[in-house]
Amino acid sequence: MTISINRSWATYSIIAASLASLMGVAGCAKKPEQQETTKQETTTLNIGFQKYGILPILKAKGELEKNLAAQGVNVKWVEFPAGPQLLEGLNVGSVVFGEAGEAPPIFAQAANPNLVYVANQPPAPTAEALIVQKDSPIQSIQDLKGKRVALNKGSNVHYLLLKLLEANNLSLNDIQPVYLPPSDARAAFEKGAVDAWVIWDPFFAAAEHQIHARVIATGEHLVSNHQFYLADRQFAESHPQVLTTLVTTLNQTTDWVKAHPDDAAKLLEKPTGLEFDVLKSSISRMGFGVQPISEKVAKEQQYVADAFFAQKLIPKQLVIQDAVLKNDVK
């Protein structure tokens, strides 16, 4: 059988109803002897991952498969282009566990109360920054007045930009935000269609190495920029031992990456298509370690949720603690 729960944002009701119907048919078709056989079948754990991060390294190393084999669990890896799509995959049931930055879980929680925060990596505030072209006249945040600043709307760097402006007694009204996804923002940045770009790794590192972009400010002293590990609530509560093995193995993997950054960069070269030096820089700015969600981390994530609500990016105020897994994962 496959551990997966069914839901989505835009198409939740249609997909859930259809899958529920299919599951009902399948359940009715089972004979008692078939049910006994099912209990002995190997479980498949579907994990969502992106091209960059700890999860693709874990996938490449194969340690999780070894650690879960004793529990009768097979691992299936499902790739997504970014955090929002991954969490939508979690919602529709194609995966039950995955990783995303600070922003996507907030939008997911606003649409889906069954998502839970399981664990996080330590802060990585220098892994995102506001950058300009190497020959730009912009030297400070104050120089952004009236300028065109590219960013991915509703992302981690949206929050970073709000905090950078606030720290300099400015607001979004003082600049011209240009909302673009990373690939389009890079193109606009290179041809001078925007004056500055707020971006995260590995896109940030790529801009530094490939076009020698200059850093005006990182998130240091302003934001946390956590990476979060998230799961379907029913899966998390029903399979605590599997979840414990996942978090433990992830933590061991970050220890390995910290001790072997060159090897980790080489593992990511093929899936990301990025050069070794770009990946080495990105990895150096990661937060190493995977730990259960603390009250402090939940409070920091609450600040992000409140800021997005104030900007009308989400339709209602959230209580982050409502989505934090209550069972301790150690």
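Everything quoted here is computed from the prediction, not taken from an experiment.

Q: Can you break down the layout of surface pockets residue by residue, with the values?
A: The rolling of a water-molecule-sized probe over the atoms marks out the regions of remaining empty space. The calculated volume of the largest pocket comes to roughly 1,000 Å³. If you list the elements that add at least two residues to the lining of the largest pocket, you get β2 (43-49), α3 (54-61), α5 (83-92), β4 (97-100), α6 (103-111), α8 (182-190) and α9 (203-211). Sorting elements by how many residues they give to the lining of the largest pocket places α5 first, with four residues. Looking at the lining of the largest pocket residue by residue, the class counts come to 24 nonpolar, 17 polar and five charged. Residues from two domains meet in the lining of the largest pocket; each of domain 1 (42-122 + 224-321) and domain 2 (126-216) gives at least three.

Q: Quick one: what's the story with the nonpolar core, residue by residue and with numbers?
A: Nonpolar side chains tend to gather and get buried jointly when the protein is soluble and globular. Ranked by internal contacts, the top residues of the largest apolar core, which has 50 residues, are Tyr117, Leu130, Ile141 and Leu161. By residue number, the principal contributor to this core is helix α7 (residues 156-167), which donates seven residues. Split by domain, this core shows at least three residues from each of two domains, domain 1 (42-122 + 224-321) and domain 2 (126-216). Excluding residues within four positions of it along the chain, Ile141 makes contact with Leu130, Leu164, Leu165, Asn168, Leu170, Ile216 and Ala217. The next biggest cluster of nonpolar side chains, apart from the first, holds 40 residues, and it includes Ile54, Val96, Ala236 and Val257.

Q: So what's going on with the packing of aromatic side chains? Residues and values would help.
A: Taken as a whole and assessed by the stated rule, the structure comprises six aromatic pairs. Measuring from ring centre to ring centre gives 5.6 Å for Phe107 and Phe308, while their planes differ by 35 degrees; the resulting arrangement is tilted. Of the two residues, Phe107 is situated in helix α6 and Phe308 in helix α14 (residues 295-310); the sequence distance between them amounts to 201 residues. For Phe308, a relative accessible area of 0% translates into the label buried.

Q: Give me the pattern of salt bridges: which residues, what numbers.
A: Applying the stated criterion across every chain yields a total of nine salt bridges. The shortest N-O distance in the salt bridge between Lys66 and Glu63 comes to 4.0 Å. Of this pair, Lys66 and Glu63 are both found in helix α4 (residues 63-69), three residues apart, which corresponds to roughly one turn of the helix. The exposed category is assigned to Lys66, whose relative accessible area is 58%. Assessed through its relative accessible area of 29%, Glu63 is described here as partly exposed. The partner of Lys163 in a salt bridge is Glu166, and the shortest N-O contact between them spans 3.2 Å. Here Glu166 and Lys163 lie together in helix α7, a separation of three residues that amounts to about one turn. Overall, Glu166 belongs to the exposed group, its relative accessible area being 51%. A cluster of three or more residues bridged by salt bridges with shared partners is formed by Asp201, Glu208 and Arg285.

Q: How would you sum up the packing of helix α11 (residues 240-259) against helix α12 (residues 261-272)? Please name residues and give values.
A: For any two helices packed against each other, one specifies the crossing angle of their axes together with the interaxial distance. With their axes 5 Å apart at the nearest point, α11 and α12 run at an angle of 105 degrees to one another. Taken together, the axis directions place α11 and α12 in an arrangement best described as roughly perpendicular. Across the interface between the two elements, Trp256, Val257, Lys258 and Ala259 of α11 pack against Pro261, Asp263, Ala264 and Leu267 of α12. Looking at the contact of α11 with α12, its residues break down into six nonpolar, no polar and two charged.

Q: Give me the lowdown on the packing of α6 against α14, citing residues and values where you can.
A: Where α6 meets α14, the closest approach of the two axes is 10 Å, and the angle between their N-to-C directions is 65 degrees. It follows from the interaxial angle that α6 and α14 lie roughly perpendicular. Regarding α6 and α14, the two cross each other, and that crossing is right-handed. Residue-level inspection shows Ala103, Pro105, Ile106 and Phe107 of α6 in contact with α14, the latter providing Gln301, Val304, Ala305 and Phe308. Residues of the contact of α6 with α14, tallied by class, amount to seven nonpolar, one polar and no charged.

Q: Any chance you could break down the side chain of Gln109 for me, citing the residues and the numbers?
A: By the element assignment, Gln109 lies in helix α6. Not counting residues up to four positions away in its chain, the partners in contact with Gln109 are Tyr117, Leu318, Val319, Ile320, Asp322 and Ala323.

Q: Break down the sheet that holds strand β10 (residues 214-218) for me, citing the residues and quoting the values.
A: An order of β8-β7-β9-β6-β10 is seen for the five strands of this open sheet, with the pairing classed as mixed. Both outer strands of the open sheet, β8 (176-179) and β10, are each paired with one neighbouring strand and no more. When strand polarity is set aside, the average angle formed by the axes of neighbouring strands in this sheet is 30 degrees. Each of β6 (128-132), β7 (148-151), β8, β9 (196-200) and β10 is contacted by α7, which is oriented at about 70 degrees to β6, the strand it contacts most. Its contacts with the sheet put α9 on β6, β9 and β10, and the angle it makes with β9 is roughly 125 degrees.

Conventions adopted
- Residues numbered from 1 in each chain as written.
- Predicted model: local features only at pLDDT ≥ 70, side-chain atom pairs only at ≥ 80, totals over all residues.
- Heavy atoms only, no water.
- 1 Å grid on protein atoms, 1.4 Å probe; cavity = no way out; pocket = protein on both sides within 12 Å on 5 of 7 lines; lining within 4 Å.
- Points joined across faces, edges and corners; volume = space filled by probe spheres on them.
- Helix = DSSP H or I, 4+ residues; strand = E, 2+ residues; numbered from the N terminus.
- Nonpolar A, V, L, I, M, F, W, Y, C, P; charged D, E, K, R; others polar.
- Domains from an automatic or database assignment.
- Core = buried A, V, L, I, M, F, W, Y, C linked by side-chain atoms within 4.5 Å.
- Buried < 20%, exposed > 50% of the residue type's maximum accessible area, 1.4 Å probe, protein only.
- Contact = heavy atoms within 4.5 Å.
- Phe/Tyr/Trp six-rings, centres within 6.5 Å; stacked < 30°, edge-to-face > 60°.
- Salt bridge = Lys/Arg side-chain N within 4 Å of Asp/Glu carboxyl O.
- Axes fitted to C-alpha atoms, helices over the stretch in contact; angles between N-to-C directions.
- Parallel < 35°, antiparallel > 145°, perpendicular 65-115°, else oblique.
- Left-handed = near helix turned anticlockwise from the far one by under 90°.
- Pairing = 2+ DSSP bridges.

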